[in-house]
Amino acid sequence: MSTERSINFSAGPAIIPESVLQKASKEMLNWNNTGMSLMELSHRSGPFKELIAKIEQDLIDLLKIPETHKVLFLQGGAHFMFSGVPLNLMGENGKGDYILTGNWSTRAMNEAKKYGKVNVVCKPDEFNKIPPKEEWNLSTDASYVYYCDNETVKGVEFPDIPDVGDVPLVCDMSSNFLSRPFDVSKFGCVYACAQKNFGMAGLTIAIVRKDLIGKQLPYTPMMLDFELQAKANSMFNTPSTYAIYIAGLIFDWLKEQGGLEEIAKINLKKCKLIYDAIDNSNGFYKSPVEIKSRSRMNIPFVCKNKEWETEWLEGAAKLKLVSLKGHRSVGGFRASIYNAMSYEGCEKLVNYMIDFMKSKEK
């Protein structure tokens, strides 16, 4: 890791592999010998069509996406999909089941209410755990079951894919997409915005089961219409060409790391390092999340004296450990350790946590 660069623990937009930034910088003025920047290149040109086809295939290879599913390169972020999911998938039943585990699943549920009926499957009081399935209230007539795999604000993550039977499962994976392998065939729709684990803001990828496409409500706006986007191969209008290019470079980087199986091992080592520092601090630091529901990507924690928070953050910044302030609704600290965060970066954070603790216990 370059000594000039900050160690960025931002929840998003987030850290990007330095080698990816270097390659993008090298290719900025002349991409692939076209004599122009990629961001100047027409999305209808032959070179860009070849590029996006390669990037789509790389994603298919990384996730082993079956032919039953279609990849869509969209825009608008997760909020775009909060509307896109019910508009395209509620269909005649007009009902969606929502598993609420935090801020983002709640916001998605509130948006879905505009287009049909919503059933709340479960909702923990403090959003600090994934409720056991015995407490769930699944409908018998829902068009889909929706959940957010990783809630960034309070750091809650599903340890595995929930079993909801034959009802199409829809998942917002915006903050842990490509951080571990998962079986795409178990989902009706998976989506993620890019600015956390696979690039820059401006790109949203959706992977939709093909037999669910074409069931959009009649008043669905054209930009939210999965069928229209699928038929146009994500080229109905100008896509986020540069963000797609950056995602492609990150897909290449993930392959160089050994694929999702290897990146998952690294991510577990990183989060264990930080959680161990919290749990072994004799109460100086505390995690508000139930252990089995802890996120591998976003680690919120507090220290025992709230008055020390500003001093802690200022000390971290002097070491180039940045973007560690907790979400405004939670307070304390939050370390977001997406794929591009190195183990060494996590070590530096842990060393600072220990040094700060020792300075207050003298």
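Look up: the structure comes first, before these words.
Residues numbered from 1 in each chain as written. Predicted model: local features only at pLDDT ≥ 70, side-chain atom pairs only at ≥ 80, totals over all residues. Heavy atoms only, no water.

Participant: Tell me about the overall build of the protein, and name the residues and values.
Facilitator: Across its full length, the protein holds nine helices and 14 strands. Overall, the C-alpha framework of the protein stretches about 65 × 55 × 30 Å when taken along its three principal axes. Burial analysis of the protein (362 residues in total) assigns 56% to the buried set. Counting only contacts in the protein whose residues sit at least 6 apart along the sequence, the fraction spanning at least 24 positions is 68%. Accessible surface, the protein as shown: approximately 16300 Å² in total, 50% of it carbon and sulfur. Here the protein contributes 44 positively and 43 negatively charged side chains, and the mean placements of these two sets differ by 3 Å. (Helix = DSSP H or I, 4+ residues; strand = E, 2+ residues; numbered from the N terminus. Buried < 20%, exposed > 50% of the residue type's maximum accessible area, 1.4 Å probe, protein only. Contact = heavy atoms within 4.5 Å. Areas by Shrake-Rupley, 256 points an atom, 1.4 Å probe, with all protein chains shown as cover. Lys, Arg positive; Asp, Glu negative; His and termini not counted. Charge placed at Lys NZ, Arg CZ, Asp CG, Glu CD.)

Participant: Go over the nonpolar core, please, and point to the residues and values.
Facilitator: Counting residues in hydrophobic clusters, the biggest one holds 56 residues, and the most contacted among them are Leu63, Phe177, Phe198 and Phe251. The biggest single contributor to this core is helix H6 (residues 241-256), with eleven residues. Looking at which domains feed residues into this core, each of domain 1 (21-256) and domain 2 (259-360) gives three or more. Not counting chain neighbours up to four residues away, the residues in contact with Phe251 comprise Ile55, Asp58, Leu59, Leu62, Leu178, Phe198 and Ile205. (Core = buried A, V, L, I, M, F, W, Y, C linked by side-chain atoms within 4.5 Å. Domains from an automatic or database assignment.)

Participant: Let's hear about the side chain of Glu27: which residues, and what values?
Facilitator: Mapped onto the elements, Glu27 comes out in the loop between helix H1 (18-26) and helix H2 (46-63). We note that Glu27 is buried and unpaired, the nearest opposite charge coming from Lys23 at a distance of 4.0 Å. Reaching out from Glu27, the side chain makes a polar contact with the side chain of Tyr245 at a distance of 2.5 Å. (Salt bridge = Lys/Arg side-chain N within 4 Å of Asp/Glu carboxyl O. Polar contact = N/O pair within 3.5 Å; in protein donor to acceptor, adjacent residues only side chain to side chain.)

Participant: How would you summarise the sheet that holds strand E12 (residues 298-303) if you had to cite specific residues and measurements?
Facilitator: The strand order across the open sheet formed by three strands is E11-E12-E14, and the pairing between neighbours is antiparallel. For this open sheet the edge positions go to strand E11 (285-286) and strand E14 (333-336), each flanked by a neighbour on one side alone. Of the pairings in the sheet, the one linking E12 to E14 comprises four bridges and is antiparallel in character. Bridge pairing in E14 places Phe301 opposite Phe333. (Pairing = 2+ DSSP bridges.)

Participant: I'd like a description of the pattern of salt bridges, backed by residues and values.
Facilitator: Applying the stated criterion to the full structure yields 18 salt bridges. With a closest N to O distance of 2.9 Å, Glu111 and Lys114 form a salt bridge. The exposure class assigned to Lys114 is exposed, which follows from its relative accessible area of 59%. Across the pair Arg180 and Glu157 runs a salt bridge whose closest N-O atoms are separated by 3.7 Å. With Arg180 in the loop between strand E8 (169-172) and strand E9 (189-193) and Glu157 in strand E7 (residues 156-157), the pair connects residues that are 23 residues apart, well separated along the chain. Comparing Arg180 with Glu157 shows no difference in burial state: the two are buried. What you see here is one network of salt bridges that share partners, running through Lys54, Asp58, Asp61, Asp252 and Lys255.

Participant: Lay out the pairing of strand E2 (residues 69-74) in plain terms, naming residues and giving numbers.
Facilitator: Within E2, six of the six residues are buried, which leaves it mostly tucked inside the rest of the structure. Both faces of E2 are covered, namely the face carrying His69, Val71 and Phe73 and the face carrying Lys70, Leu72 and Leu74. Two strands pair when backbone bridges link them, and E2 and strand E10 (residues 204-209) are joined in this way by six bridges, in the antiparallel orientation. From the neighbouring strand, Lys70 faces E10, where its bridge partner is Val208.

Participant: Any chance you could break down the layout of surface pockets for me, citing the residues and the numbers?
Facilitator: If you add up the space inside the largest pocket, you get close to 360 Å³. His79, Trp104, Thr152, Gln195 and Lys196 are, among the 23 residues lining the largest pocket, the residues nearest its centre. Put simply, the parts of the chain that give the lining of the largest pocket at least two residues each are helix H3 (77-89) and helix H4 (103-112). Residue contributions to the lining of the largest pocket peak at four residues, all from H3. Here the residues of the lining of the largest pocket sort into eight nonpolar, ten polar and five charged. When residues of the lining of the largest pocket are sorted by domain, at least three fall in each of domain 1 (21-256) and domain 2 (259-360). (1 Å grid on protein atoms, 1.4 Å probe; cavity = no way out; pocket = protein on both sides within 12 Å on 5 of 7 lines; lining within 4 Å. Points joined across faces, edges and corners; volume = space filled by probe spheres on them. Nonpolar A, V, L, I, M, F, W, Y, C, P; charged D, E, K, R; others polar.)

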